[in-house]
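The primary structure of each chain is shown beneath.
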Amino acid sequence: MKESDNKKSPIGVFDSGYGGLTILDKIQEKLPGYDFIYLGDNARAPYGSRSFEIVYKFTLEAVKKLFDMGCNLVILACNTASAKALRSIQQNDLPLIAPSNRVLGVIRPTAEYVALKSKTRHVGLFGTQGTVQSNSYPLELKKLAPDLRVESLACPMWVPLIENGEAYGQGADYFVKKYVDILLEKDDDIDSIILGCTHYPILKSKIESCLPKSIEVISQGELVAESLADYLNRHPEIDRRISKNGETHFYTTESADKFSDLASLFLNRNVDVEHLDIE
Ligand code: DGL
């Protein structure tokens, strides 16, 4: 395992597939001069319905790959990986494989925002099966705001619809309304709904159109970007090790052509992508 102590290197951004692009987009807006490597494990996506052991294994492989590519700092731009693998990687793997490298997730910055923001103190969460079953959001929110009531709902159809380019079709209309109705039936006092999967911002306007205007639908990109900028301010020793030429390289474990077609939907621009094996 390479630990590039002195060399400056890009920030690694990892997701099971396309969803992390919604995070990368906002991080790039916030930190335009920084370099990034985006890695989507599209060949093995979705992660959402996979077991704890498998998500941990795949995520650790991806993190090691990004370290080997020179990254000193990796963002898990994936809630499922953050929920199931982040803690183990931070506590058990990093000290052994790369003690001066850092891996950060997306759950904490989102929980911090919603803990302050909700007025009714009733919060909803849409996520993958893995994120919901892990209970990571309710646990994180409980630490920050014990008075919050959280209703979580897994939306197993949303990621496959998005990964297959169907986010704007009628199938998506049907499955968005279906899950929104179920969540509101569980608790109609919710005033904030966390989109606890980095793919879901693609469905945000559809989700909002099924909800009363008084409910805030929270996507994570800006929150994660804000929190990363703050982290780098507080940790100049990490910031110093990041290269800053304003360049981003994209990698996918699937076919590069397939990735670039859908990636443009997420980023509103075309990107050059390379295929990469991480196993
Ligand atoms: N984008 C991911 C998340 O934030 C995972 C989606 C999936 O692969 O199921 O949870």
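Residues numbered from 1 in each chain as written. Predicted model: local features only at pLDDT ≥ 70, side-chain atom pairs only at ≥ 80, totals over all residues. Heavy atoms only, no water.

Trainee: What should I look at first to understand the site of the ligand in this one?
Mentor: Close to the ligand lie 13 residues, the nearest being Ser16, Tyr47, Asn79, Thr80 and His199. Residue Asn79 places a main-chain N or O atom 2.7 Å away from an oxygen atom belonging to the ligand. Here an oxygen atom of the ligand sits 2.7 Å away from a polar atom, N or O, in the side chain of Thr80. Along the lines of polarity and charge, the residues of the shell around the ligand split into five nonpolar, seven polar and one charged. (Near = heavy atom within 4 Å. Polar contact = N/O pair within 3.5 Å; in protein donor to acceptor, adjacent residues only side chain to side chain. Nonpolar A, V, L, I, M, F, W, Y, C, P; charged D, E, K, R; others polar.)

Trainee: What am I meant to see in the packing of aromatic side chains here?
Mentor: Aromatic rings in a pair are described by how distant their centres are and how their planes are angled relative to each other. Following the criterion strictly, the structure yields 11 aromatic pairs and no others. Both rings, one in Tyr18 and one in Phe266, keep their centres 5.5 Å apart while their planes meet at 15 degrees; by these two values the pair is stacked. Here the residue Tyr18 occupies a position in the loop between strand 1 (11-15) and helix 1 (20-30), and Phe266 occupies one in helix 13 (residues 256-267), the gap between them amounting to 248 residues. Look at Phe266 and you get buried, because its relative accessible area is 7%. Measuring from centroid to centroid gives 6.2 Å for Tyr38 and Phe259, while their planes differ by 40 degrees, and the two rings are tilted. With Tyr38 in strand 2 (residues 36-40) and Phe259 in helix 13, the pair connects residues that are 221 residues apart, well separated along the chain. (Phe/Tyr/Trp six-rings, centres within 6.5 Å; stacked < 30°, edge-to-face > 60°. Helix = DSSP H or I, 4+ residues; strand = E, 2+ residues; numbered from the N terminus. Buried < 20%, exposed > 50% of the residue type's maximum accessible area, 1.4 Å probe, protein only.)

Trainee: What's the story with the pattern of salt bridges in this structure? I'm lost.
Mentor: Oppositely charged side chains can form a pair if their charged atoms are brought close together. Within the structure shown, the criterion is met by 20 salt bridges. With a shortest N-O distance of 3.0 Å, Arg44 and Glu61 are connected by a salt bridge. Here the residue Arg44 occupies a position in the loop between strand 2 and helix 2 (52-68), and Glu61 occupies one in helix 2, the gap between them amounting to 17 residues. Relative accessible area serves as the criterion here: at 19%, Glu61 is assigned to the buried category. Residues Arg121 and Asp147 are paired through a salt bridge, measuring 2.7 Å at the closest nitrogen-oxygen approach. Note that Arg121 is positioned in the loop between helix 5 (107-117) and strand 5 (122-127) and Asp147 in the loop between helix 7 (136-144) and strand 6 (149-154), a separation of 26 residues in sequence. Judged by relative accessible area, which is 49%, Asp147 ranks as partly exposed. Among the charged side chains, a network of salt bridges with common partners joins Asp41, Arg44, Lys57 and Glu61. (Salt bridge = Lys/Arg side-chain N within 4 Å of Asp/Glu carboxyl O.)

Trainee: Which parts of the structure should I look at to understand the sheet that holds strand 8 (residues 216-218)?
Mentor: Through backbone hydrogen bonds, the strands of a sheet pair up, either in parallel or in antiparallel fashion. Spatially, the four strands line up as an open sheet ordered 6-5-7-8, and their pairing is parallel. Here the strands that pair on one side only, and so sit at the sheet edges, are strand 6 and strand 8. Pairs of neighbouring strands in the sheet enclose a mean axial angle of 20 degrees, with direction left out of account. With three bridges connecting them, strand 7 (residues 192-196) and strand 8 associate as parallel partners. Its bridge partner being in strand 8, Ile193 is matched across the sheet by Val217. Contacts between helix 9 (residues 170-186) and the sheet are confined to strand 5, strand 6 and strand 7, with strand 6 contributing the most and set at about 150 degrees to the helix. (Pairing = 2+ DSSP bridges. Axes fitted to C-alpha atoms, helices over the stretch in contact; angles between N-to-C directions. Contact = heavy atoms within 4.5 Å.)

Trainee: Help me understand the pairing of strand 1, please; the structure alone is not making it clear to me.
Mentor: For a regular strand, the rule is simple: side chains alternate between the two faces of the sheet. Along strand 1, five of the five residues are buried, which leaves the element largely enclosed by surrounding structure. In strand 1, alternate side chains face the same way, and those of Ile11, Val13 and Asp15 on one face and Gly12 and Phe14 on the other are all buried. Taken together, strand 1, helix 1 and strand 2 form a β-α-β motif whose crossover is right-handed. As judged from the three bridges shared by strand 1 and strand 3 (residues 73-76), these two strands associate in the parallel manner. Of the residues in strand 3, the one forming a bridge with Val13 is Ile75. (Right-handed = clockwise from strand over helix to strand, strands pointing away.)

Purely geometric numbers; function is a separate question.
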